[in-house]
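Coordinate inspection notes
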Amino acid sequence: MGSIMGATEEWSGGSPLRVCLFGSYDRVAHPRIAILEAALREGGAEVIEAHVSAWPGRTDEKLAAARRPLSPRWLVRLAWTWSRLAARYRQVGPHDVVLVGYFGHVDVLLARVLARRKRRVLDMFLSVYDTVVLDRRAVDAASLQARLARLLDRLAVRASDLALLDTSAQVEFATGELGLPAGKLATVPVGAEPWHFPVEPPPEGGPLKVLFYSTFIPLHGAGTVARAIRQLDGEEVAFTVVGHGQDRAVFDQEVAGLDRVTVHDWVPYEHLGELVAGHHVVLGLFGVTGKAWRVVPGKVYQAASAARAIVTADTPAMRAAFGPDEVVLVPRGDPDALATALRELAKDRARVAELGHRGRARFEREYTPAAIGPRLIELLRLPDEPEWVRPPRFLLRLDLVRRLLPRLARHEPALEIGFGAGAMLEELAARGFGPVVGIDFSAAAARLATDRLARFPPASRPRILRATLDALDPSKATFHSILAFEVLEHVEDDRGLLAQAFRLLAPGGHMLASVPAHQHRFSAVDELVGHVRRYEREQLAARFAEAGFEVEELWCYGYPLANLLERVRAAVTRSPEPGSPEALRLRSAESGNLVPARGLVKLLVRPATMAPFLIAQRLFLGTDRGDGYLLLARKPPTA
């Protein structure tokens, strides 16, 4: 497919990045902050801290408070915590970035006030709504508390320049289910501290020793583990179970009276590595909640650090984090499969050792603080919207595109023709589409898109091709989705381009495209950006039908805002000087890549300002009042 654009722009500052760790996080309950701190130091950053330990009940107390934000007790605690945090922050000295530690959904609101001119990054890690409503089911989804939890997620991300989650599946959930902006989300894996979980020789002889440690929340699937333990009673498998929480009582009832089961309420974190080293196998999570589908728990990384075999649920997040020869995957919520997997490992100690070795090798490559550090520092340094903002017309189109994306094949190859600044590639990656390829012959577009997509891990990052569509051979490259936004109007031979796209599309696949509407509105603005034409409804539908497509949706969008803005632009734009065909080609290539964040654009791109116009345009999709067309077409399955 030609050369792939790659490396991200290097940090231009000469001095080390200075990061202020900020918040009321709990280092003991959640080692995540220590891992991020170590990763920053390994990457050469200087780290300072503004921290207050204010929650003796740890994260559970914070989550309880988040469900009752107007409780007098909570408000007093919050005021006391914030006053101390503010005092600590004023003493930290110069810094470049504020990193708000998990669980910092509320602390980041204070950081926004204190560090207005600094880059603010929230280690979001989890959604409050997902945790208390969907996973733990602590409150009803229709309740006021659930709406407040969702609001807290949104406010936290709004107060941040960037929010970190642990997997691409979590980003997809945050954008699709919570409506959080993809441009403000990035992934950093949980990782583990290798000095707490060193490689030690496994126990010699005796039964297969299996460790399950848990906070006994539904995510971990303790009931599945308990039923598997009961099936293995009397066999050469011994279990150690550590932890307490929501599902512990039910677990105890299930395993009561069984041999070779040792249960502890808890083990101090500083001794957890010794406990892991004393076992052959560590169990991950087995829950059937949506969250279990999207996360990789810390204990999986800890077991990999210690070179212990891992048995856990088969989920997309786990498959993205580890290869099939590095962990044992079993169906979620299936005690029979779990028991069978452990029974087979008990008979094959060589495989147990090999799994531990392979898991450790993956951990060293990707999940140590030293491996995480460069990516984390890159994310902290990168501007959120480098040199480009999403213009109002793009936002109007994006609102409708998001309604059509569920009709595309998410886990099949997708191609965007003319990706511009990479905003739609970013949208597709954040929503879990993949593999995704973008093709554009503009050097400026390639640079912008490469910077924009740098926050995604390599496995889920769209591939960038600087080329024309001719570089793709239909016999070697087939896509199930093709997207072309504001492309056809730039091409003299639009019929030829659609024919090429049709050949590249798999039978039954979809093409999603947008174009400017109404030739009688052709103006100096169109000339300036290299448009050859604008389209009428029947003309656009006919072009796709001639190429062999079946048109499924054809909307005229943007009314009234896009119409008004286009008139303003036309009134203040002069026709460009005549030039060569090459000059026209270059104007086409660069159009839409850069929009200054000033004046009317800066006012309109705010979510609150855009909301009424997003709603209004939906009322007129079936008319021809708008300024652009959005079309969804399908290649017949038998073509």
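Just above, that's the structure.
All of these numbers come straight from a predicted model, not from anything done at the bench.

A tally of helices and strands in the protein chain yields 26 helices and 20 strands. Going through the 639 residues of the protein chain one by one, you find that 56% of them count as buried. The contacts of the protein chain with a sequence gap of at least 6 include a subset with a gap of at least 24, amounting to 78%. Here the protein chain has roughly 26,800 Å² of accessible surface; of this, 55% comes from carbon and sulfur atoms.

Moving on: the packing of aromatic side chains. Under the definition given, this model contains 12 aromatic pairs. A centroid spacing of 6.0 Å and a plane angle of 45° characterise the contact between Y301 and F322, whose relative ring orientation is tilted. Placement of Y301 in helix α12 (residues 298-305) and of F322 in the loop between α13 (316-321) and β13 (328-330) is noted, with a sequence separation of 21 residues between them. When sorted by exposure, Y301 lands in the same class as F322, which is buried. Through a chain of ring-to-ring contacts, three or more aromatic side chains come together here, namely Y102, F103 and F125. Sitting above the plane of the F216 ring, R248 keeps its charged end 5.9 Å from the centroid. Taking NZ or CZ as reference, K635 lies 4.6 Å from the ring centre of F502, over its face.

With that settled, the discussion passes to the sheet that holds strand β3 (residues 46-51). Ordered by their spatial adjacency, 6 strands build an open sheet running β3-β2-β4-β5-β6-β7, and the pairing between neighbours is parallel. This sheet does not close on itself; its edge strands, each paired only once, are β3 and β7 (185-187). Averaged over neighbouring strand pairs, the angle between their axes works out to 25° when direction is ignored. Set on the sheet, helix α7 (residues 168-176) makes contact with β6 (162-165) and β7; between it and β7 the angle comes to about 165°.

In this section: the sheet that holds strand β10 (residues 261-264). Ordered in space as β10-β9-β8-β11-β12-β13, the 6 strands form an open sheet in which the pairing is parallel. Among the strands making up the open sheet, the edge pair consists of β10 and β13. Sheet twist, expressed as the average angle between the axes of neighbouring strands with direction ignored, equals 20°. Relative to β13, strand β12 (residues 309-313) is paired through 3 bridges, and the arrangement is parallel.

As a further point, take a positive patch on the surface. Together, R112, R116, R154 and R158 give the surface a local cluster of positive charge. Following the sequence through the fold, R154 ends up in helix α6 (residues 144-158).

Note that the residue after G434, namely P435, is joined by a cis bond; omega there is -5°. Take P435: it is sitting in the loop between α18 (423-430) and β15 (436-439). Despite not being glycine, F125 has its phi angle at roughly 65°, a positive value. As for its position among the elements, F125 is in the loop between β5 (119-122) and α5 (128-135). What makes F125 buried here is its relative accessible area of 19%.

Our next topic: the packing of helix α20 (residues 494-504) against helix α22 (residues 537-547). Running from amino to carboxyl end, α20 crosses α22 at an angle of 50°, the nearest separation of the two axes being 9 Å. Relative to α22, α20 is oriented oblique. In this structure, α20 meets α22 at a crossing whose hand is right-handed. Seen from α20, the contacting residues are D494, R495, L498, A499 and F502; seen from α22, they are R543, F544, E546 and A547. Looking at the contact of α20 with α22 residue by residue, the class counts come to 5 nonpolar, no polar and 4 charged.

Glancing now at the environment of A50. Structurally, A50 is set in strand β3. Residue class for A50 comes out buried when judged on its relative accessible area of 0%. Put simply, A50 and R90 are 40 residues apart on the chain and 8.6 Å apart in space, counted from C-alpha to C-alpha.

One finds F22, Y89, L185, Y301, F322, L512 and L630 to be the most contacted residues of the largest nonpolar core, which totals 107 residues. If you tally residues by element for this core, the top one is helix α17 (residues 392-404), at 7 residues. Once residues lying within four places of it in the same chain are set aside, the contact partners of F22 are A50, L85, Y89, V98, L99, V100, G101, D107, L110, A111 and L114. By size, the runner-up hydrophobic cluster in this structure holds 34 residues, among which are L465, L498, L554 and Y629.

On to the pairing of strand β8 (residues 208-213). Most of β8 sits inside the fold, with 5 of its 6 residues counted as buried. In the sheet, β8 pairs with strand β9 (residues 237-242) via 6 bridges, with the strands oriented parallel. Residue pairing for β9: L211 is matched across the bridge by T240. Pairing geometry for β8 and strand β11 (residues 281-283), over 2 bridges, is parallel. Looking at β11, one finds that L211 is bridged to V282.

One can describe the packing of helix α8 (residues 222-231) onto helix α9 (residues 248-255) by two numbers: an axis separation of 9 Å at closest approach and a directional angle of 10°. For the element pair α8 / α9, the angle class is roughly parallel. Contacts between α8 and α9 pair A222, V225, A226, R227, I229 and R230 from the former with F251, Q253, E254 and V255 from the latter.

This next bit is on the environment of F419. Along the chain, F419 turns up in the loop between β14 (414-417) and α18. Those residues in contact with F419 that lie beyond four places of it in its chain are L425, G438, I439, D440, A445, A446, A449, I464 and L465.

Within the structure shown, the criterion is met by 38 salt bridges. For the salt bridge of R495 with E546, the shortest nitrogen-to-oxygen distance reads 2.9 Å. Taken together, the residues span a long stretch of sequence, with R495 in helix α20 and E546 in helix α22 at a distance of 51 residues. One salt-bridge network, in which partners are shared between bridges, spans R393, R397, E486, R521, D526, R534 and D627.

For α9, the complete set of buried residues consists of R248, F251 and V255. With its buried residues spanning 60° around the axis, α9 presents them on a single face. Projecting away from the buried face of α9 at angles above 90 degrees are the exposed residues V250 and Q253. Those residues of α9 hidden inside the fold are in contact with α8, β9 and β10.

Two faces make up the sheet, and in a regular strand the side chains alternate between them. The buried count for β12 comes to 5 of 5 residues, which makes it a mostly enclosed element. Summarising the sheet, β11 and β12 pair through 3 bridges and their orientation is parallel. Across the sheet, the residue bridging to L283 is V311, located in β12. Of the crossover connections in this fold, the one passing from β12 over α13 to the parallel β13 is right-handed.

What counts and what doesn't
Residues numbered from 1 in each chain as written. Predicted model: local features only at pLDDT ≥ 70, side-chain atom pairs only at ≥ 80, totals over all residues. Heavy atoms only, no water. Helix = DSSP H or I, 4+ residues; strand = E, 2+ residues; numbered from the N terminus. Buried < 20%, exposed > 50% of the residue type's maximum accessible area, 1.4 Å probe, protein only. Contact = heavy atoms within 4.5 Å. Areas by Shrake-Rupley, 256 points an atom, 1.4 Å probe, with all protein chains shown as cover. Phe/Tyr/Trp six-rings, centres within 6.5 Å; stacked < 30°, edge-to-face > 60°. Lys NZ or Arg CZ within 6 Å of the ring centre and 35° of its normal. Pairing = 2+ DSSP bridges. Axes fitted to C-alpha atoms, helices over the stretch in contact; angles between N-to-C directions. Patch = residues over 30% accessible without salt bridge, like charges linked within 9 Å, V, L, I, M, F, W, Y side chains within 5 Å. Salt bridge = Lys/Arg side-chain N within 4 Å of Asp/Glu carboxyl O. Lys, Arg positive; Asp, Glu negative; His and termini not counted. Charge placed at Lys NZ, Arg CZ, Asp CG, Glu CD. Parallel < 35°, antiparallel > 145°, perpendicular 65-115°, else oblique. Left-handed = near helix turned anticlockwise from the far one by under 90°. Nonpolar A, V, L, I, M, F, W, Y, C, P; charged D, E, K, R; others polar. Core = buried A, V, L, I, M, F, W, Y, C linked by side-chain atoms within 4.5 Å. Arc of directions from axis to C-beta. Right-handed = clockwise from strand over helix to strand, strands pointing away.

Shape is all these values report; function is a separate question.
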